[in-house]
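Descriptive analysis of the structure
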Amino acid sequence: MERELPKKDIARLRVNGIVEESIADGPGLRYVIFTQGCHHRCKGCHNPGTHCPEGGYLLNTDEIIAQFSENPLLSGITFSGGEPFLQPAPLCEIAEQVRKFGKTVVTYTGYVHERLLDISRHDHDVSRLLELTDILFEGPFIEGLRSLELLYRGSSNQRILALRNGKVMDPGGDKRQPEIISQSSLKPFPPEMPCKNFL
C-alpha cells in the first residue's frame, strides 16, 4: 500500500539536496532538486538517502526560485528524488515561476504515467504538476534492467514522455499511442536552445 507524506505548507519543500548545475538530469544545463521521501524504495536505488519522508531539510520555495533565477544559462529545472509527486504543491509553485522565465520543467517519478493520471483525478496538485511538466521520466528503477548506456535513465523499462498539459503528446493523432521520446532524439542541447525543438 502506498504511503503518503503529511500535508505541508505550500511554500515549503522537503529536499535531500540541490545541484545548481547539472548535465546529467535532463537535456541542457539544469538546476536539480532532489526531493525527500519515497515509498517506491526500488532495489539498487541510486539515492537511498531520499527514502525517509522525515529526512532531509526544509526550504522555502521562494529561496529556490530566487537561486534558480540567478543563472541565465540554465535550460530549466529538474525535479528528482525521492518521489516528487509526494510533494506536488510546492513543486507546482516552483514550476509555475520557472515557466514564466521561459524555461523547461523535467520531472522524474517512480510511478508510470497511467498511474499518475489515476491519482490526478482526485489530487489537483498532482494534476497541475503533470500539466507543468515538459518531459516526464517515468517508471520504477529495476535493477535487472540497469544499463549504463541509457541517457538520463537507470533502467530500460523507464520511459521518456513528452507532455503537453499533462497529457502525452501524440502528433500522429492516435490517442492509444503515447509519444515516447527516443534516446537518440534527446541528446543534450545548449542552454539557449528551447526544449520543444527536440520533442
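In case you missed it, the structure is sitting above this.
Analysis parameters
Residues numbered from 1 in each chain as written. Predicted model: local features only at pLDDT ≥ 70, side-chain atom pairs only at ≥ 80, totals over all residues. Heavy atoms only, no water. Core = buried A, V, L, I, M, F, W, Y, C linked by side-chain atoms within 4.5 Å. Buried < 20%, exposed > 50% of the residue type's maximum accessible area, 1.4 Å probe, protein only. Helix = DSSP H or I, 4+ residues; strand = E, 2+ residues; numbered from the N terminus. Contact = heavy atoms within 4.5 Å. Pairing = 2+ DSSP bridges. Axes fitted to C-alpha atoms, helices over the stretch in contact; angles between N-to-C directions. Salt bridge = Lys/Arg side-chain N within 4 Å of Asp/Glu carboxyl O. Expected span 1.5 Å × (residues − 1).

Of all hydrophobic cores here, the largest spans 31 residues; its most connected members are Ile33, Ile77, Phe79, Phe85 and Ile94. If you list the elements that add at least two residues to this core, you get strand E1 (12-22), strand E2 (30-35), helix H1 (61-69), strand E4 (76-80), helix H2 (88-100), helix H3 (113-120), helix H4 (124-132) and strand E7 (159-164). Here this core gets five residues from one element, more than from any other, and that element is H2. In contact with phenylalanine 85, other than residues within four places in its own chain, are Thr107, Thr109, Tyr111, Leu116, Val126, Leu129, Leu130 and Leu136. In terms of nonpolar packing, the next biggest core, distinct from the first, is built from six residues, Val106, Ile135, Tyr152 and Ile160 among them.

What follows covers the sheet that holds strand E5 (residues 104-109). Read from one edge to the other, the open sheet built from eight strands follows the order E3-E1-E2-E4-E5-E6-E7-E8, with strand pairing classed as mixed. Of all the strands in the sheet, just strand E3 (57-60) and strand E8 (167-168) have a single pairing partner and so form its edges. H1 contacts E1, E2, E3 and E4 of the sheet and is inclined by roughly 70° relative to E3.

Our focus in this paragraph is the pattern of salt bridges. Going through the model one piece at a time under the given rule, you end up with six salt bridges. In this structure, glutamate 131 and arginine 128 form a salt bridge, with 3.1 Å as the shortest nitrogen-oxygen distance. Taken together, the residues glutamate 131 and arginine 128, both in helix H4 and three residues apart, mark about one turn of the helix. Note on arginine 128: relative accessible area 28%, which makes it partly exposed. The partner of glutamate 138 in a salt bridge is arginine 159, and the shortest N-O contact between them spans 2.7 Å.

This next bit is on the pairing of E1. As paired elements, E1 and E3 share four bridges and run antiparallel to each other. Along E3, the bridge assignment pairs leucine 13 with leucine 59. Here E1 runs beside E2; their pairing, made up of five bridges, is antiparallel. Residue glycine 17 lies in a different strand from E2, and its bridge partner there is phenylalanine 34.

Here H2 spans 18 Å end to end across 13 residues, near enough to the 18 Å set by a 1.5 Å rise per residue. Looking one or two residues beyond H2, the residue adopting positive phi is glycine 102, at roughly 80°.

With that out of the way, let us pick up the environment of alanine 11. Within the secondary structure layout, alanine 11 lies in the segment before E1. Taking the C-alpha atoms as reference points, alanine 11 and threonine 61, separated by 50 residues in sequence, lie 5.3 Å from one another. For alanine 11, the residues in contact, after removing those within four places along its chain, are Leu59, Asn60, Thr61 and Glu93.

Remark: a regular strand shows side chains that alternate across the two faces of the sheet. Taken across its six residues, E7 has five buried, putting it largely inside the fold. Inspection of the sheet shows strand E6 (residues 135-138) paired to E7 by four bridges, in the antiparallel sense. Counted as the bridge partner of isoleucine 135 is alanine 162 from E7. Here E7 hands over to E8 after two residues, with asparagine 165 in that stretch at a positive phi of 55°.

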